[in-house]
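Examination of the molecular architecture
Below, each chain spelled out in residue letters.
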Amino acid sequence: MKRNFLSLATAGLIALGGFAVVQAQDRHGGGARGHGLEQLTEGLNLTPDQQAKVQPIIDQARPQIAAIHREAMQKMKAVMASTSSQIRPLLTPEQQMKLDDNQKAHQGRMNARKGPHDTMED
């Protein structure tokens, strides 16, 4: 019973961790160009002059944010792989197969969510 809970908890953490990152990316500029400016314009009621001045600042920050995101994703994947490798020996062969299936399904969902700008990150 304890092992079942542990495997379910791990699979849930892996899935939720990936989902949270994707959601954060979508909300914070992972989408189309200008998305950050649109949020600022609406939230702060920026004038056209302010928009013209803010856009280059956002454009300059975008590559830095992308690099930080890639690094964070690599670190997260390493932690998730380590966690999984520690839990795997505690599972029965059937549970290991389920864990593998859950991880493959999660990876498939993550790949399906990736846009053209993400294809080089993995």
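All residue numbers here refer to positions counted from 1 along the written sequence of the relevant chain. Per-residue local features of the predicted model are confined to residues with pLDDT of at least 70, and side-chain atom pairs are confined, for both listing and counting, to 80 or more; whole-chain, interface and lining totals are unaffected and use all residues. Side-chain measures here rest on the full set of heavy atoms in the structure, leaving out hydrogens and waters.

Quick notes on the overall build of the protein
- For helices the rule is a DSSP run of H or I covering at least 4 residues; for strands it is a run of E covering at least 2, with both sets numbered from the N terminus onward. If you tally the helices and strands in the protein, you get four helices and zero strands.
- Scanning the protein from its N terminus toward the C terminus, one meets helices and strands in the order α-α-α-α.
- Accessibility here uses a 1.4 Å probe with only protein chains present; expressed as a share of the type maximum, an area under 20% marks a residue as buried, one over 50% as exposed, and anything in between as partly exposed. In the protein, which comprises 122 residues, the proportion classed as buried is 24%.
- For this analysis, residues touch if any pair of their heavy atoms sits within 4.5 Å. For the protein, the share of sequence-separated contacts (at least 6 apart) that also reach a separation of at least 24 residues comes to 55%.
- To be clear on the numbers: accessible area is Shrake-Rupley with a 1.4 Å probe, and residue cover counts the displayed protein chains and nothing else. Taken as a whole, the protein presents about 8800 Å² of accessible surface, with 63% of it coming from carbon and sulfur.

Observations regarding the pattern of salt bridges
- Any Lys or Arg side-chain nitrogen found within 4 Å of a carboxyl oxygen on Asp or Glu counts as a salt bridge. Summed over the entire model, instances satisfying the criterion amount to three salt bridges.
- K53 is paired through a salt bridge with D49; the nearest N and O atoms lie 3.3 Å apart. Of this pair, K53 and D49 both sit in helix α3 (residues 48-87), four residues apart, which is roughly one turn of that helix.
- By relative accessible area, K53 is classed as exposed at 54%.

Side note on the environment of N45
- You can see N45 is positioned in the loop between α2 (35-44) and α3.
- The exposed category is assigned to N45, whose relative accessible area is 65%.
- With sequence-adjacent residues up to four places away left out, N45 is seen in contact with L40 and Q50.

Comments concerning the confidence of the model for the protein
- Mean pLDDT over the protein works out to 78, with 65% of the residues at or above the 70 mark.
- Each residue carries a pLDDT score, the predictor's confidence in it, ranging from 0 to 100. For the protein, helix α1 (residues 2-27) is the element with the lowest average pLDDT, namely 52, and α3 is the one with the highest, namely 94.
- Considering only residues more than four positions removed or in separate chains, one finds that residues 18-33, a stretch of pLDDT under 50, has 23 contacts.
- Counting interchain partners and residues more than four positions distant, the pLDDT-below-50 stretch residues 118-122 has seven contacts.

Here we look at α3
- Every helix has an expected span of 1.5 Å times one less than the residues it contains. Over its 40 residues, α3 extends 55 Å from the first C-alpha to the last, a length consistent with the 58 Å expected when each residue adds 1.5 Å.
- Maximal helix bending in α3 amounts to about 30°, located at R62; proline P63 follows within four positions.
- Listed as buried for α3 are V54, Q55, I58, H69, M73, M80, S84 and I87. In this scheme, the bend at a residue equals the angle between the axes fitted to the seven residues that finish there and the seven that begin there.

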